[in-house]
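Per-entry structural report
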2 protein chains.
Amino acid sequence: MRGNDGFRLYRCRQFKTERMAVFTRVSEADLAAWLSNYSLGSLLELHGIPEGIENTNYFVTTSGGRFVLTLFEKLTPKELPFFLNLMAHLARHGIPCPAPMADCRNQFLGELNGKPACIATRLNGHSVTQPTVKQCATMGAMLGQMHSAGQSFAEQMPDPRGAAWREDASHKVLKFLSAQDSALLQSEVALHAEQPLDGIPRGIIHADLFRDNVLMDGERVGGLVDFYFACSGALLYDVAITVNDWCMGSEGVLDAERTRAMLDAYHLARPFTAKEAELWPLALRVAALRFWLSRLYDFYLPRDGELVNPRDPEPFKRILQNHIATKQAVWL
Amino acid sequence: MRGNDGFRLYRCRQFKTERMAVFTRVSEADLAAWLSNYSLGSLLELHGIPEGIENTNYFVTTSGGRFVLTLFEKLTPKELPFFLNLMAHLARHGIPCPAPMADCRNQFLGELNGKPACIATRLNGHSVTQPTVKQCATMGAMLGQMHSAGQSFAEQMPDPRGAAWREDASHKVLKFLSAQDSALLQSEVALHAEQPLDGIPRGIIHADLFRDNVLMDGERVGGLVDFYFACSGALLYDVAITVNDWCMGSEGVLDAERTRAMLDAYHLARPFTAKEAELWPLALRVAALRFWLSRLYDFYLPRDGELVNPRDPEPFKRILQNHIATKQAVWL
């Protein structure tokens, strides 16, 4: 399960999966043997999760509790420690994210059936498609808490969808676009190449906290998942990515009530600076640009055999256009 | 809440408390301000726990979850990191113990109202007074898992109730004892001064896993608590301490069925060595001696104003005598 780039990722059963995938099979015998490296008790149940496009996931129940086993199909043992250490860090600060379990060597990352593998706590809840105002507020508060907790995380990770990527990806898709779209894309990429968000508070950002990466347990946030786009960045950018998804109304126009609820609650957990308030319209634009561009890329330049059904880039273009036209400065 | 030494410690509501104590008051305003150092959300509820003789404990509910706040009345900021790091280590290995939450400085230990303080996850379950055979098995497995998980913990802690303490404490209580009890105590202290348990597997031991330090959630172990006697030691000694409490029948004679269930389950999680099997009767004796002696000490030499109602040392004397007489070698 990776990202809200070009393709719908199917976390929850209410989403119909277009491609059901358990890439690497794990038998009960394989897992029981592997679990002898852990202190999680004996294996009771194992179920493949037919969701995810870049990892293989299983629900695992042991005498010790409920877990998710992930076999990483693309991320490498060199890349993974940042993400696993980050989740462990956030969990020890009380943020409800999957907490990787350490093995008898005190390591989070193991290997199972030839793949890098990790077993982490399983969280409660399910993602919602139509969040209420209250849920947007809860989510805003949680995002602020996550940003605060991330401040003491020592590791850094460049944004894989930052300015250099925008430059490169936009060059590659321009030839597929109308003159109008091409002009829009170029001017926006040029605008944000100037890094207008420099100089505002930075830290660890999730960078993909769409509704389908959050498990709601009633009105409570039960879990934040899919940290594999997490990186160092402007915290405001993460807020904008989240608002662009959670608070979006029809026709790509932000719903004022949900937006205000999310921002107010975020602000209580992590107050914005004056500079952040000023840059909010630009943050919304670059957040919309990032997903418009990645969806264009995946639509026109699909990775070989990657997926059946790329996501439509159009909604994010509309969102971007509206942000430009209206400077949707719903603010405190 | 500290230890099964001379005094009953009141973890669960089914135990009548003889001394209800919240030594240090914490108001909602105090706590709300203190919680701003954490990423646990906003304070919803605060309840003092009228249990515990050495710490002040509160149940705390925040928008992020359920926690226990502990203000340490005796342990110092120099002593506490071992225990807090140990609990965090075990939690990240999936052992259900209170997981200390880190603050914005990434520290587990803070200060609140002038006392060292920590907030940790609240676990489910309640202690049982008459464990079933099944519960003894579950507990045995959990103890084996805890010992395995502790193997990768790097810190060490001498046993505060080891040979030197036995020597010292026995000297101090001898004058209060009958000639017969005095002879028994002296000969046992002398026997174990030879350290017959040297040379068997060692690691982190809880050293006080009596029934009242374990929360059972139905047949599942919901929580291991009160790690403030944890130290480095022979793993077999920890098994013997646990068996002496969980599997004891009437008249200080081990119940064979519960003992076998606990040992079998432990063995599956962490197989015994031949040397451990051979030393089992001695482990039971030294484990009984430790609690007979600490209860004698607290009975005859109560710390000033410490407690109202010391525990009766006699049951552990009977257990010790039975272990000597019968070499209760219930074994695999």
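Residues numbered from 1 in each chain as written. Chains lettered and ligands numbered in written order. Predicted model: local features only at pLDDT ≥ 70, side-chain atom pairs only at ≥ 80, totals over all residues. Heavy atoms only, no water.

**A word on the relation of the copies chain B and chain A**
We apply this condition: A least-squares fit on C-alpha atoms brings the copies together, and the residues used are those whose pLDDT is at least 70 in both copies. Only heavy atoms enter the contact rule, under which two residues are in contact if any of them lie within 4.5 Å.
Note on the copies: chain B fits chain A at an RMSD of 0.0 Å, the axial shift is 0.0 Å, and the rotation between them is 180°. Within this description, the copies of the chain are treated as partners about a two-fold rotation axis. The position closest to the rotation axis in chain B is occupied by the C-alpha of Arg92(B), lying 4.4 Å away. The share of interface residues of chain B whose copies in chain A are also at the interface is 96%, consistent with both copies meeting through the same surface.

**Considering the domain arrangement of chain A**
One frequently used descriptor of interface size is the decrease in accessible area upon assembly of the parts. Residue and element names in this part refer to chain A. Keep this limit in mind: The start and end points of each domain follow an automatic or database-based domain assignment. What gets called buried area is simply the loss in accessible area from a 1.4 Å probe that two parts show on being joined, summed for both. Between Lys or Arg on one side and Asp or Glu on the other, a salt bridge is scored when a side-chain nitrogen of the former is within 4 Å of a carboxyl oxygen of the latter. Counting of polar contacts relies on pairs of N or O atoms within 3.5 Å, with two restrictions inside protein: one atom must be capable of donating a hydrogen and the other of accepting it, and residues adjacent in sequence are counted only when both atoms are side-chain atoms. Helix and strand definitions here come from DSSP, where helices need a minimum of 4 consecutive H or I residues and strands a minimum of 2 consecutive E residues; each element is numbered from the N-terminal end. Residue polarity is assigned by list, with Asp, Glu, Lys and Arg as charged and Ala, Val, Leu, Ile, Met, Phe, Trp, Tyr, Cys and Pro as nonpolar; anything else, Gly included, falls into the polar class.
Per the domain assignment, the segments of chain A are domain 1 (28–121) and domain 2 (133–325). The distance between the C-alpha centroids of domain 1 and domain 2 comes to 28 Å. Counting residues at the interface gives 21 residues for domain 1 and 24 residues for domain 2. Summing the contributions of domain 1 and of domain 2, the shared interface buries around 1,800 Å²; its carbon and sulfur component is 73%. Counting the contacts that link domain 1 with domain 2 gives zero salt bridges. Taken together, domain 1 and domain 2 are joined by four residue pairs in polar contact (both at pLDDT 80 or more). At ten residues, helix α2 (residues 80–92) tops the list of elements feeding residues into the side of domain 1 that touches domain 2. Of the residues in the side of domain 1 that touches domain 2, the class split is 15 nonpolar, four polar and two charged.

**Description of the pattern of salt bridges**
Residues and elements named next belong to chain A. Convention followed: Each residue is assigned to one of three classes by its accessible area relative to the maximum for its type, calculated with a 1.4 Å probe on protein chains only: buried under 20%, partly exposed between the two thresholds, exposed over 50%.
Taken as a whole, this structure holds 22 salt bridges over all chains when the rule is applied. The salt bridge partner of Glu188 is Arg285, with a shortest N-O separation of 2.6 Å. Of the two residues, Glu188 sits in helix α5 (residues 179–193) while Arg285 sits in helix α8 (residues 274–300), which places them 97 residues apart along the sequence. Residue class for Glu188 comes out buried when judged on its relative accessible area of 2%. In this structure, Arg220 and Asp217 form a salt bridge, with 3.7 Å as the shortest nitrogen-oxygen distance. Accessibility expressed as a relative area gives 34% for Asp217, which makes it partly exposed. If you follow the salt bridges from partner to partner, you end up with Asp181, Glu314 and Lys317 in one network.

**Some remarks on the packing of α8(A) against helix α9 (residues 314–326) of chain A**
Residues and elements named next belong to chain A. Quick note on the threshold: Helix axes are fitted to C-alpha atoms over the stretch in contact, other axes to C-alpha atoms as well, and angles between N-to-C directions run from 0 to 180 degrees. In these notes the angle categories are as follows: under 35 degrees is roughly parallel, over 145 is roughly antiparallel, 65 to 115 is roughly perpendicular, and the rest is oblique. Left-handed is the label given to a crossing in which the near helix is rotated counterclockwise from the far helix by less than a right angle, and right-handed is the label when the rotation is clockwise.
For the pair α8 and α9, interaxial distance at closest approach is 8 Å and the crossing angle is 155°. When the axes of α8 and α9 are compared, the pair comes out roughly antiparallel. You can see that α8 and α9 cross each other, and the crossing is left-handed. Together, Leu284, Arg285, Ala288, Leu289, Phe291, Trp292 and Arg295 of α8 and Phe316, Lys317, Ile319, Leu320, His323 and Ile324 of α9 make up the contact between the two elements.

**Describing the environment of Ser232(B)**
Residues and elements named next belong to chain B. Residue placement: Ser232 occurs in strand β9 (residues 231–234). In the structure, Ser232 is positioned 128 residues away from Cys104 in sequence and 31 Å away in space, judged by C-alpha atoms. Excluding residues within four positions of it along the chain, Ser232 makes contact with Gln156, Met157, Asp159, Arg202 and Gly203.

**Concerning the sheet that holds strand β5 (residues 115–121) of chain A**
Each strand in a sheet pairs with its neighbour through backbone hydrogen bonds, running either in the same direction (parallel) or in the opposite one (antiparallel). Residues and elements named next belong to chain A. Test applied: Between any two strands, pairing holds if DSSP finds at least two bridges.
Spatially, five strands are ordered β1-β2-β3-β5-β4 in an open sheet, and the strand pairing comes out antiparallel. Unpaired on one side and paired on the other, β1 (43–49) and β4 (110–112) mark the two borders of the sheet. Within the sheet, the average angular offset between the axes of one strand and its neighbour, ignoring direction, is 35°. Relative to strand β3 (residues 65–72), strand β2 (residues 55–62) runs antiparallel, the two sharing eight bridges.

**Observations concerning helix α5 (residues 179–193) of chain B**
Along an α-helix, residues three or four positions apart point the same way, because every turn accommodates 3.6 residues. Residues and elements named next belong to chain B. Worth spelling out the cut-off: Multiplying 1.5 Å by the residue count of a helix minus one yields the expected span of that helix. Note that the arc is defined by the directions from the helix axis to the C-beta atoms.
For α5, which comprises 15 residues, the first-to-last C-alpha distance of 21 Å matches the rise-based estimate of 21 Å (1.5 Å per residue) to within 8%. All of the buried residues in α5 are Asp181, Ser182, Leu184, Leu185, Glu188, Val189 and His192. For α5, the angular spread of the buried residues around the axis is 160°, confining them to a single face. Away from its buried face by more than 90 degrees, α5 exposes Ala179 and Gln180. If you follow the buried residues of α5, they end up packed against α4 (163–173), α8 (274–300) and α9 (314–326).

**Remarks on the interface of chain B and chain A**
Listed by partner, the interface residues are 25 residues for chain B and 24 residues for chain A. Overall, the association of chain B and chain A removes approximately 1,900 Å² of surface from exposure, summing both partners, and the carbon and sulfur fraction of that is 41%. Seen at the junction of chain B and chain A, the total is zero salt bridges. Counting across the chain B and chain A interface gives 18 residue pairs in polar contact (both at pLDDT 80 or more). Within the residue set of the side of chain B that touches chain A, elements represented by two or more residues are α2 (80–92) and α3 (133–150) of chain B. Residue classes in the side of chain B that touches chain A are distributed as nine nonpolar, twelve polar and four charged.

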